[in-house]
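Reading the structure
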There are 2 protein chains.
Amino acid sequence: MSRYWSAVARGLTPYVPGEQPKLAKLVKLNTNENPYPPSPLALEAMRAEVGEGLRLYPDPNSDVLRATIARVHGVDAEQVFVGNGSDEVLAHAFLGLLKQDAPILFPDITYSFYPVYCKLYQIDYRQIPLDDEFAIRVDDYLRQPDGTRVNGGIIFPNPNAPTGRLLPLAEIERLLRGNPDSVVVIDEAYIDFGGESALPLVRRYPQLLVVHTLSKAYSLAGLRVGYAIGQVELIQALNRVKDSFNSYPLDRFAQAGAAAAMADRAWFDSCRNQVIASRARLVAALDGLGFSVLPSGANFVFARHPAHAGVELAAALRERGIVVRHFKQPRRVDPFLRITVGTDPQCDELLAALREILGKCG
Amino acid sequence: MSRYWSAVARGLTPYVPGEQPKLAKLVKLNTNENPYPPSPLALEAMRAEVGEGLRLYPDPNSDVLRATIARVHGVDAEQVFVGNGSDEVLAHAFLGLLKQDAPILFPDITYSFYPVYCKLYQIDYRQIPLDDEFAIRVDDYLRQPDGTRVNGGIIFPNPNAPTGRLLPLAEIERLLRGNPDSVVVIDEAYIDFGGESALPLVRRYPQLLVVHTLSKAYSLAGLRVGYAIGQVELIQALNRVKDSFNSYPLDRFAQAGAAAAMADRAWFDSCRNQVIASRARLVAALDGLGFSVLPSGANFVFARHPAHAGVELAAALRERGIVVRHFKQPRRVDPFLRITVGTDPQCDELLAALREILGKCG
């Protein structure tokens, strides 16, 4: 604390990202990166940016990138907002759309950055418990029968994090029908690993904002690009906030690399299909070791072992050079490990280490 | 406007950046970019980032970059905060340090993003008039004789923008002595073009935050890197805001390129010295054409012609393929053009066009 801090700075409880270890030899299964490299076309596009052009500001509106994203998803470029990672996109959505008089709603077990944004922007919120199977119950988010607006907005990831559980599209539509006056943000960071995106609903629901990232399925976590798609009036709010915060949020590498990566559909499909196949294989093997694994629509699995605490398993894996994520959180989350789906050989290393740990302790 | 926007989004008046023309053939003297390319060592460092490593998140704390900046300026790495361009650094300083009960102070003619940040974060402010020579009068920013704290903070660029006028270091120290309880942010985006930095004062003044950018003197506007230096407790406030907004604001290219550029002192000195020499030459020639040119410590000049309106000159230059900046602002600023110092040949093109325009109209 310092007498120079603002009251906002004093009140913050910052987000803690997963470790980015500086040892290159670790098997890194802790921050849900893609185990496959980015598209070679994206690498080529970024290489082409190395040069004198860097002395000039980038396009403040990222027109080429937004046009590419629009083409891929079949929307207009004016319906696309891009940011410095989907975290920046989410931050602007909290300030520009979700800061309302009524509290916003999100699950009690979800992306732990949401309450952090709320503190940053002084937004009131309610955390709605997941059900016993760690699923989102849409009924808990619907307007009351008396028609009062009970929330200032709704946000959750689909698939949810860190559970990996997917909410079917029909349920999302039911949520939208029951919340015509509230902005609903669906954070689809992990949707490309087998889920059904809510993007087709954007046309019919003016309150729907869908957020994507290039950090996961596009293997570009190191480049920091995310985007949102919605009807134009929602996108305009994000643009107003962005143009009041930083005119040039995406550097030249980010704009060029992301556009080329989005355009390379073959690479995208190949990488995500490999991850989906490896996930099935990993889940089966973890089942075989006695783990309970939640059904996952993401590039990670959320798993607990009936006989071993999550924190101990994480520490034992770390000793063996394998990093997974354990959340120091309430009772229901504490037993779990969140394990990123790596390549099959990486998963095999993980499984071998777990066999050793379980054998030793069991 | 939309019923889905937050009150904040409704109330914004976003910043309007200078045009980034998509025609490559223009002589671009409108957004104060450096006419020389970035350090070859920086280009090499960025080229080395093109590869599989992009699938991994960057270092959230930019340790290597911060250590390099600290070494260059002779401070500790804990005294360095880095952001996605100095605009992001400034935004975090507004929210984390300058959002106070009392209004903050900045000049009436200055970087036009400051009032935009104030609206974004709902910060009260007072604009203090520059004197008749467009200089900052420190007396106007001092505490009242009764000892009351009259401001919640102070911010201005040095050299000021768009005037280019430099405040001597002794005056900045007088400002700091007179404001022991207020955070004072000196935005030194243009300090490398001949000004004396306030950085040596950081050790003695815990309320001083100095902000720099790599967009100007380092020729890396396209990379988006800025930084702040202050005592640790000020930097901690910025870190708290940053970690509540976006854990990974600098991508891998930005971290590697900026560190290599900062380390290449010879390139930096050579480029800025060329700009300083071209500025002197340009000012003399503009004087010769009848312009009044404010004394500039920056890589731009702020000039007016007694017989020609700024907006008309800007339009006539644009017709001749030369872009300069004219601000549609109050009476005192309206007659001026802000002209970036280009290479000598670019300045010669500008001067030839001005000669033609003045001859035709005069």
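Small disclaimer: the values here were computed from a predicted structure and weren't measured.

Thresholds, definitions, all that
Residues numbered from 1 in each chain as written. Chains lettered and ligands numbered in written order. Predicted model: local features only at pLDDT ≥ 70, side-chain atom pairs only at ≥ 80, totals over all residues. Heavy atoms only, no water. Least-squares fit on C-alpha atoms with pLDDT ≥ 70 in both. Contact = heavy atoms within 4.5 Å. Domains from an automatic or database assignment. Buried area = accessible area lost by both parts, 1.4 Å probe. Salt bridge = Lys/Arg side-chain N within 4 Å of Asp/Glu carboxyl O. Helix = DSSP H or I, 4+ residues; strand = E, 2+ residues; numbered from the N terminus. Nonpolar A, V, L, I, M, F, W, Y, C, P; charged D, E, K, R; others polar. Core = buried A, V, L, I, M, F, W, Y, C linked by side-chain atoms within 4.5 Å. Buried < 20%, exposed > 50% of the residue type's maximum accessible area, 1.4 Å probe, protein only. Pairing = 2+ DSSP bridges. Right-handed = clockwise from strand over helix to strand, strands pointing away. Polar contact = N/O pair within 3.5 Å; in protein donor to acceptor, adjacent residues only side chain to side chain. Phe/Tyr/Trp six-rings, centres within 6.5 Å; stacked < 30°, edge-to-face > 60°.

Take chain A, turn it by 180°, move it 0.0 Å along the axis, and it overlays chain B with an RMSD of 0.0 Å. Each copy turns onto its partner about a two-fold axis. The position closest to the rotation axis in chain A is occupied by the C-alpha of Arg47 of chain A, lying 3.1 Å away. In this assembly, 100% of the residues forming the interface of chain A have copies in chain B that are likewise at the interface, indicating an isologous arrangement.

With that settled, the discussion passes to the domain arrangement of chain A. Residues and elements named next belong to chain A. Along its sequence, chain A is organised into domain 1 (7-37 + 266-361) and domain 2 (40-264). Residue-level contacts link 33 residues of domain 1 with 31 residues of domain 2. When domain 1 packs against domain 2, close to 2800 Å² is buried across both sides, 62% of that on carbon and sulfur atoms. Counting across the domain 1 and domain 2 interface gives zero salt bridges. Where the side of domain 1 that touches domain 2 is concerned, the elements lending two or more residues are α1 (7-11), α9 (265-288), β10 (300-304) and β12 (336-340). It is α9 that provides the largest number of residues to the side of domain 1 that touches domain 2, a total of seven residues. When the residues that make up the side of domain 1 that touches domain 2 are grouped by side-chain class, the tally is 19 nonpolar, nine polar and five charged.

What follows concerns the nonpolar core. Counting 185 residues, the largest nonpolar core has Leu286 of chain A together with Met46 and Leu286 of chain B as its most contacted members. Ranked by the residues each element gives to this core, the list is headed by helix α8 (residues 252-263) of chain B, at eight residues. Judged by nonpolar contacts, the second largest core, of 76 residues, contains Val211 of chain A together with Cys118, Val185 and Leu238 of chain B.

Successive side chains on a regular strand alternate, one facing one side of the sheet and the next facing the other. Residue and element names in this part refer to chain A. Here strand β6 (residues 184-187) shows no split at all, with Val184 and Ile186 on one side and Val185 and Asp187 on the other all buried. Alignment of strand β5 (residues 153-157) against β6, held across four bridges, turns out to be parallel. Note on β6: the bridge partner recorded for Phe156 is Ile186. Following the chain from β5 across helix α6 (residues 169-177) to the adjacent parallel β6, one finds a crossover that is right-handed. Bridge analysis of β6 against strand β7 (residues 208-213) gives four bridges, and the strand direction is parallel. When the bridges of β7 are listed, Val184 appears paired with Leu208.

Turning to the environment of Glu188 of chain B, a few remarks are in order. Residue and element names in this part refer to chain B. Along the polypeptide, Glu188 turns up in the loop between β6 (184-187) and β7 (208-213). Classification of Glu188 as buried rests on a relative accessible area of 0%. Linking Glu188 and Phe291, residues 103 residues apart in sequence, is a C-alpha distance of 27 Å. Excluding its chain neighbours within four sequence positions, the residues that come into contact with Glu188 are Asn158, Glu196, Ser197, Ala198, Val210, Val211 and His212. Here Ala198 takes part through its backbone nitrogen, which lies 2.7 Å from a polar atom of the side chain of Glu188.

Glancing now at the packing of aromatic side chains. What describes a pair of aromatic rings is the distance from one ring centre to the other and the angle between the planes of the rings. Residue and element names in this part refer to chain B. For the structure on display, the rule yields 32 aromatic pairs over all chains. When the ring of Phe106 is compared with that of Tyr125, the centres are 5.1 Å apart and the planes differ by 20°; the resulting orientation is stacked. With a gap of 19 residues between them, Phe106 in strand β3 (residues 104-107) and Tyr125 in strand β4 (residues 125-128) connect regions that are remote in the sequence. For the pair Tyr190 and Phe300, a centre-to-centre distance of 4.9 Å together with 80° between the ring planes defines the contact as edge-to-face. On the criterion of sequence distance, the pair formed by Tyr190 in the loop between β6 and β7 and Phe300 in strand β10 (residues 300-304) is long-range, its members being 110 residues apart. Taken individually, Tyr190 and Phe300 each receive the classification buried, so the pair is uniform in this respect.

With that out of the way, let us pick up the interface of chain A and chain B. Between chain A and chain B, the residue contacts involve 88 residues of the former and 88 residues of the latter. For the pair chain A and chain B, the summed buried surface comes to about 7100 Å²; carbon and sulfur atoms form 57% of the total. On inspection of chain A and its partner chain B, the count reaches two salt bridges. The closest approach of N and O atoms between Arg3 of chain A and Asp181 of chain B, which form a salt bridge, is 2.8 Å. Linking chain A with chain B are 46 residue pairs in polar contact (both at pLDDT 80 or more). For the side of chain A that touches chain B, the elements supplying multiple residues, two or more each, are α1, α2 (40-47), α4 (86-98), α5 (114-121), α7 (232-242) and α8 (252-263) of chain A. Ranked by residue count, the leading element in the side of chain A that touches chain B is α4 of chain A, at seven residues. Residue composition of the side of chain A that touches chain B, by class: 45 nonpolar, 22 polar and 21 charged.

What follows covers the side chain of Ser39 of chain B. Residue and element names in this part refer to chain B. Turning to its location among the elements, Ser39 is positioned in the loop between β1 (27-28) and α2 (40-47). Classification of Ser39 by relative accessible area gives buried; the value is 3%. From its side chain, Ser39 meets the backbone nitrogen of Leu41 in a polar contact 3.0 Å long. Those residues within four positions of Ser39 in sequence are excluded, and the remaining contacts are Ala261, Asp264 and Trp267.

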